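Take a look at the letters that make up each chain.
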Amino acid sequence: MTRRIAPSILAADFGRLREQVREVVDAGAQVIHVDIMDGHFVPALSMGPQAVAGLRDFDVILDVHLMIERPERHIAAFASAGASNIIVHVEATPHVHFAVQAIHEAGCTAGVALTPSTPVEALAEIRGELWSALCMTVNPGWGGQAFIPASLDKIRRLRALIGPDVELEVDGGIDRETAGPCAQAGANLFVAGTSVFGSGDPGAAFREVAAAAGCS
């Protein structure tokens, strides 16, 4: 599958958000990752549908990661705001299949995310409905964490479970050192926040991570 970097705006300078997104898009970004956090499912509180709406005019996939409790209640708002792919956490709702159905009915593709302690088998009954499976390679809710080395084996097992046609996202501690091993393990979509937007030159940082991941 095509390998792509998905810069995460959670690490961007919100005073210059559109400018920084333009820098990475001009550098080749085709996917922009938007982390939504509610202060309940994860400790931090981030942004809402307005952040998605503010980027909908960019010609990119808006990959919206809902780190929120009962995400099915908010899917319509994010779809209306311009989300392309909406990711829900298997740990955040007792009704993952219902949430995925709601995403499809709202006109978006669907993804399901797993925290580090959740086994890959949690996606066994839903894999046929997914555009993406997201493997958290840090604990969700805090930027700038170190990559969990045991994630590499989990990525291999997740790729074996979902097959070759589902995007396998990795999110957490992705940089020039970790992107390559994740690619070798089977990941093809790399969420990179601090390593891209934490740089003084996000465009150049994007290209460095893309090269490390073997993106074409």
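To start, this report covers the structure provided alongside it. Keep in mind that what you see is a predicted model, and the values were worked out from it rather than measured.

1. A few points about the sheet that holds strand β7 (residues 167-171)
Where strands meet in a sheet, backbone hydrogen bonds hold them as pairs that are either parallel or antiparallel.
For step 1, the next point in the chain: Read from one edge of the open sheet, eight strands run β1-β8-β7-β6-β5-β4-β3-β2, paired in parallel fashion. Each end of this open sheet is capped by a strand with a single partner; those strands are β1 (4-7) and β2 (31-37). Sheet twist, expressed as the mean angle between neighbouring strand axes with direction ignored, is 25°.
For step 2, the next point in the chain: In the sheet, strand β6 (residues 132-136) pairs with β7 via five bridges, with the strands oriented parallel. Each residue of the ladder has a partner; that of C135, found in β7, is V170.

2. What about the pattern of salt bridges?
Opposite charge on two side chains permits pairing when their charged atoms draw close.
For step 1, the next point in the chain: Taken as a whole and assessed by the stated rule, the structure comprises eight salt bridges.
For step 2, the next point in the chain: With a shortest N-O distance of 2.9 Å, D57 and R18 are connected by a salt bridge. Placement of D57 in the loop between α2 (49-53) and β3 (61-67) and of R18 in helix α1 (residues 17-26) is noted, with a sequence separation of 39 residues between them.
For step 3, the next point in the chain: R176 is the partner of E208 in a salt bridge, and the nearest nitrogen-oxygen pair spans 3.4 Å. One end of the pair, E208, is in helix α8 (residues 202-213); the other, R176, is in the loop between β7 and α6 (179-185), and 32 residues separate them in sequence.

3. Brief notes about the packing of α1 against α8
For step 1, the next point in the chain: It is the contact of α1 with α8, at a shortest axis distance of 8 Å, that shows an interaxial angle of 40°. As far as their axial angle goes, α8 and α1 are oblique. At the point where α1 passes α8, the crossing takes the right-handed sense. For the pair formed by α1 and α8, the contact residues are Q20, E23 and V24 on the first element and P202, G203 and F206 on the second.
For step 2, the next point in the chain: Partitioned by chemical class, the residues of the contact of α1 with α8 number three nonpolar, two polar and one charged.

About the thresholds
Residues numbered from 1 in each chain as written. Predicted model: local features only at pLDDT ≥ 70, side-chain atom pairs only at ≥ 80, totals over all residues. Heavy atoms only, no water. Pairing = 2+ DSSP bridges. Helix = DSSP H or I, 4+ residues; strand = E, 2+ residues; numbered from the N terminus. Axes fitted to C-alpha atoms, helices over the stretch in contact; angles between N-to-C directions. Salt bridge = Lys/Arg side-chain N within 4 Å of Asp/Glu carboxyl O. Parallel < 35°, antiparallel > 145°, perpendicular 65-115°, else oblique. Left-handed = near helix turned anticlockwise from the far one by under 90°. Contact = heavy atoms within 4.5 Å. Nonpolar A, V, L, I, M, F, W, Y, C, P; charged D, E, K, R; others polar.

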